[in-house]
Amino acid sequence: MKLITVRILFFFAVLQLFSCKQKEIDLLSFKTSVLQNESLSVDQKVEKLLDQMTLEEKIGQMNQYSGFWDFTGPAPKDGKAATKMENLKKGWVGSMLNVSGVKDVKAVQKIAIEESRLGIPLIIGFDVIHGYKTISPIPLAEAASWDLEAIKISAQVAAQEASAAGINWTFAPMVDISRDARWGRVMEGAGEDPYLGSKIAKARVSGFQGSDLSDPSTIAACAKHFAAYGFVEAGRDYNTADVGAATLNSIIMPPFKAAKDAGVKTFMNSFNDLNGIPATGDTYLQRTVLKENWNFDGFIVSDWGSISEMVTHGYARDDNHAAELAINAGSDMDMESHLYVTELASLVKQGKVDEAYIHDAASRIIKVKFELGLFDDPYKYCDEAREASVIGSEKNQSSVLDLAKKSIVLLKNQNNVLPLAKKGQKIAVIGALASDKTSPLGNWRLAADINSAVSLLEGLQAYSGNTITYAKGADVVIGKTGFVSELTINTTDTSGFKEAIMLAKKSDVVIMALGEHAMQSGEGRSRAYLGLPGVQQELLEAIFAVNKNIVLVLSNGRPLTIPWAAQNIPTILEGWHLGTQSGNALAQVLYGDYNPSGKLPMSFPRSVGQLPLYYNYKNTGRPSPVNPGQVFWTHYIDQKNTPQYPFGFGLSYTTFSYSKPMVFHTYSQDKQVTVSVKVTNTGKREGKETVQLYLRDLFASVIRPIRELKGFEQVVLEPGQTKEITFTLTDQELGFFNNQGIWLVEKGDFEVYVGGDSQTKNKTNFKL
Ligand code: BGC
C-alpha cells in the first residue's frame, strides 16, 4: 500500500517537473512507454532517458558528493554545502556518499526526485567494508577463515543492514593484494595471495549483490582500488607504485578480474600513480584493460578527490586539465573533486573531451540505477520498519560470531596451554585491549556505535567456572575517545604495570590482550615499526618475569613482528579486530568450544627489514650458499629469509597428517591433472583443516614463483578419521600470464605440494 503511494507521488512529482521542461515531452507516455515498459531492455531505457538530458545533466550524473550535513534541517547557507545543495536541485548530482539512515537518505533522495528537472534518483554510496552496524571481522581476518561461504554470508549481512539504512552501493570489496604489512590498509583486503584473493573477491561480490540487484536487500559492490594501491612503495599510504608487467598481470590484476567476472557493478580507481601515471588518469588501466579487454559495463568512480590530486602528483597542469585527463582515461564518476561538474561542459565545448565519453559515463551510471530498481521506486531502500528490524538482529549477530570464530588463528600452543580448563582456575586478564569495547570493531566501521563490541573480558566472564580478574597494565594509545589522531599515538605510561604484575603473580594463567588499537591500522595508518605498539612489549616481558603461563591474544589489523613473543610466550592466538562479537568468539576459542581453524592470509615477518615478504617469491639465481659461510647468495647477513609465521599457517587443538600427493595425469586427453591426498585427524578432538595445494612450474618463459597456491579445500575430521581430497588442475591453474598479458600453459616439469601451510614439504612431481 505504502509502496504504491510512494510510486504515485513519485510519478506526479516527475510529471509536474517534466511539464516545466523547456523541450516538452509527453511524460505520461514517456513513463509508461519507456521507464516502466517491460519490453524495453535496460540499455534501451537508459538511451531513451539520455536522449532527454542536457549535457550538464549528463555530467551531473557523473558528480558524487559527500553529505555531512542535515538534509532535514534548514538549507545550508555557506561553503561547499550550499553549492552541493544547489547542484542537487539542478540535477547535477548523480550520487551521494556518507548519507545513511532512512531519514537522511529519504530526505536527500526527495530533493533529487522532486526538485531536479528530470527527477533522476541518486545512487547512495557508503563504505560498508565489514558490516554496517553489526560488524564482522576486518576483511584481513575474514580472509584468515578461508571459508568462502561464511565470507559471502558476511557480505550478505552487511548488504542487508546497509540497504535497510537507505544505502544501495558499497565501496567494497577492496581487492588490493599487498605484500607489505607496513601499509595500514592491508586490514581491508584479503592479504598477499592472488588466488585466495580472487576467490574471496568473488564471494564478497556475490554476497553484496546477490543474484538480483533489484532486491531491496542487495546493494551494488565496488572493486577497489584499481590498481596497484597495495604496492605503494615502502608500504607508505598514497605513495607511488612502480610495478612491472609480471607482477601487475599475475599478482595485482587477478582479484579485480575475479570481481569483474562475478558481475561487480562498479570499480574505484586509486590514489597512487602506477609507473608514473596516476591511476585516475590511466587510460591503459581504465579504458584498455577494464572497459575494452574485460568488457566491463559498469562504471568507475574516482577515489576521494583523486581527480584534483593529479595536479599535486604533477600530472595535470591545473584542475581543468585534471578533469580532462580523468574523463579521457575512463573515470566515470568524480568523488569529491568537484571538477566534473565545473569543468567538463566547457571541455566538451572546446573539443578537448569527446561528448561520447560523457554519454558513455552517464549511461553506465544510469544503468546501474535501473538495475538497482531505483527508477521503479527511488525510496525502495527507505523502509523504516525494515531498518528497525534488520539492523543488529540476533541472526546477524550470530552470523558475525560464526565468522569471528573462524577467523582466529592459533599461532603457537606449546604444552597445550589451550584450551583453558573451564573451572578452578585463577585467570588474570591484562591489557587495555581486553576491556575495550570499540577497538575490536576495527577500522572502517563508520556506522557502528562506539562501545558496541563484546570485549574479550566480557566474553571470558560469560564462562563462570573460573575466577577472572582484570588489570589494564597499560593503554595502547593516548586517546580515549574523540580525536582520531590520538588513537594512533602510543602511550608511554607504565604506571599500571605494578598492579598487573601483582595480579599475574597470584594467577594460574595470564591472558594478555596486546596489539594495535583499531585506529592504528587502516587508511593513512602506515607503520614503520611493526612490534607491539607503545609499552606493551615491556609489559609483556614484565609479566613473563613473574608468570610464564601466558596466553597472548593479539589484536591487530596487519601482521606484526613479535620475535620475542614467538620465542618465549608458550601460547599465541591471532585475534585481529573481530567485530561486534569479538569477545565471545575469542572466549569460545580459548575455552575450546570452537577449535581454531584459521590460517594466515599474509606472512608474518620477523622484522620490518624483510618487507615486502611473501611466500610466492622467485628462486633467484642464488637461492642458497654453495659453501657454508659464503655471502654471495640472496639473504640478509643479520636476519633469516623465512617469515616468523608463513602464509597459510595456523594450528588447531588437534593435529593432521597428510599422505603423499598422488597425481593422475590425463592432460593430453582432457587437459586435466588431478591430485589427491589423504588427510587424517591424528589428535584427540574434532577439527577443521584447510588443505592447501601449491604448484611450482620448474622452468618457464617467465619465471614462476617457488610455489603458488592453486587450490584449497576445508575438511572437518573426527579424531582418527581420514578423508581423501582431490584437486583438479586445468589450464587455469597450470598456466600464467606472460609480460604481454597472454595466458600460456607451457609443457615441462611441475612440483605439487599439498599440506597445511605454504611451507609444506609434502610434494610430488609431474610432467606436462
Ligand atoms: C578511500 C576509499 C573510500 C573513499 C570513500 C577514500 O579515502 O581510499 O577506499 O571508499 O575514501 O570514503
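Presented here is an overview of the structure given in this document. (Residues numbered from 1 in each chain as written. Predicted model: local features only at pLDDT ≥ 70, side-chain atom pairs only at ≥ 80, totals over all residues. Heavy atoms only, no water.)

1. Some remarks on the packing of helix H13 (residues 319-329) against helix H14 (residues 340-349)
Right, on to step 1. Put simply, H13 and H14 touch, their axes get as near as 9 Å, and they point 75 degrees apart. Between H13 and H14, the angle falls in the class roughly perpendicular. From H13, Asp-319, Asn-320, Ala-323, Glu-324, Ala-326 and Ile-327 reach across to H14, where they touch Tyr-340, Glu-343, Leu-344, Ser-346 and Leu-347. (Axes fitted to C-alpha atoms, helices over the stretch in contact; angles between N-to-C directions. Helix = DSSP H or I, 4+ residues; strand = E, 2+ residues; numbered from the N terminus. Parallel < 35°, antiparallel > 145°, perpendicular 65-115°, else oblique. Contact = heavy atoms within 4.5 Å.)

2. Here's the deal with the side chain of Arg-386
Right, on to step 1. Tracing the sequence through the fold places Arg-386 in helix H16 (residues 384-390).
Right, on to step 2. Of the side chains with opposite charge, Asp-383 lies nearest to the buried Arg-386, which makes no salt bridge, at 5.3 Å.
Right, on to step 3. Non-local contacts of Arg-386, meaning those with residues more than four positions away in its chain, are made with Gln-160, Ser-163, Ala-164, Pro-216, Ser-217 and Ile-391. (Buried < 20%, exposed > 50% of the residue type's maximum accessible area, 1.4 Å probe, protein only. Lys, Arg positive; Asp, Glu negative; His and termini not counted. Salt bridge = Lys/Arg side-chain N within 4 Å of Asp/Glu carboxyl O.)

3. Looking at the packing of helix H20 (residues 497-505) against helix H21 (residues 536-546)
Right, on to step 1. With their axes 9 Å apart at the nearest point, H20 and H21 run at an angle of 35 degrees to one another. Once H20 is placed against H21, the crossing between them reads as right-handed. On H21, the residues touching Phe-497, Ala-500, Ile-501, Ala-504 and Lys-505 of H20 are Glu-538, Leu-539, Ala-542, Ile-543 and Val-546.
Right, on to step 2. Partitioned by chemical class, the residues of the contact of H20 with H21 number eight nonpolar, no polar and two charged. (Left-handed = near helix turned anticlockwise from the far one by under 90°. Nonpolar A, V, L, I, M, F, W, Y, C, P; charged D, E, K, R; others polar.)

4. Digging into empty space enclosed by the protein
Right, on to step 1. In this structure the tally under the stated criterion is five cavities of 30 Å³ or more.
Right, on to step 2. Of the voids in this model, the largest cavity is the one considered here, and its volume is about 90 Å³.
Right, on to step 3. For the largest cavity, the lining is made up of 13 residues, of which Leu-433, Pro-440, Ser-555, Ser-582 and Leu-586 are closest to its centre.
Right, on to step 4. Taken together, the elements giving at least two residues each to the lining of the largest cavity come down to strand E15 (550-555) and helix H23 (582-590).
Right, on to step 5. By residue class, the composition of the lining of the largest cavity is seven nonpolar, five polar and one charged. (1 Å grid on protein atoms, 1.4 Å probe; cavity = no way out; pocket = protein on both sides within 12 Å on 5 of 7 lines; lining within 4 Å. Points joined across faces, edges and corners; volume = space filled by probe spheres on them.)

5. Quick notes on the nonpolar core
Right, on to step 1. Judged by nonpolar contacts, the single largest core of 143 residues is most densely connected at Phe-226, Phe-267, Met-512, Trp-576 and Leu-590.
Right, on to step 2. In this view, Phe-267 contacts Cys-222, Ala-223, Phe-226, Phe-256, Lys-260, Leu-290, Trp-294, Phe-296, Phe-299, Ile-300 and Val-301; residues no more than four positions away in its chain are not counted.
Right, on to step 3. By size, the runner-up hydrophobic cluster in this structure holds 37 residues, among which are Cys-222, Ala-326, Leu-339 and Ile-365. (Core = buried A, V, L, I, M, F, W, Y, C linked by side-chain atoms within 4.5 Å.)

6. Examining the packing of aromatic side chains
Describing an aromatic ring pair means giving the distance of the ring centres and the angle of the ring planes.
Right, on to step 1. Considering all chains together, one arrives at 24 aromatic pairs under this definition.
Right, on to step 2. Ring centres of Phe-737 and Trp-743 lie 4.9 Å apart, and the angle between their planes is 75 degrees; this geometry places the pair in the edge-to-face category.
Right, on to step 3. Overall, the relative accessible area of 36% leaves Trp-743 in the partly exposed class.
Right, on to step 4. Through a chain of ring-to-ring contacts, the aromatic side chains of Trp-146, Tyr-195, Tyr-615, Phe-647, Tyr-694 and Phe-712 assemble into a single cluster. (Phe/Tyr/Trp six-rings, centres within 6.5 Å; stacked < 30°, edge-to-face > 60°.)

Coordinates in, geometry out; function isn't part of it.
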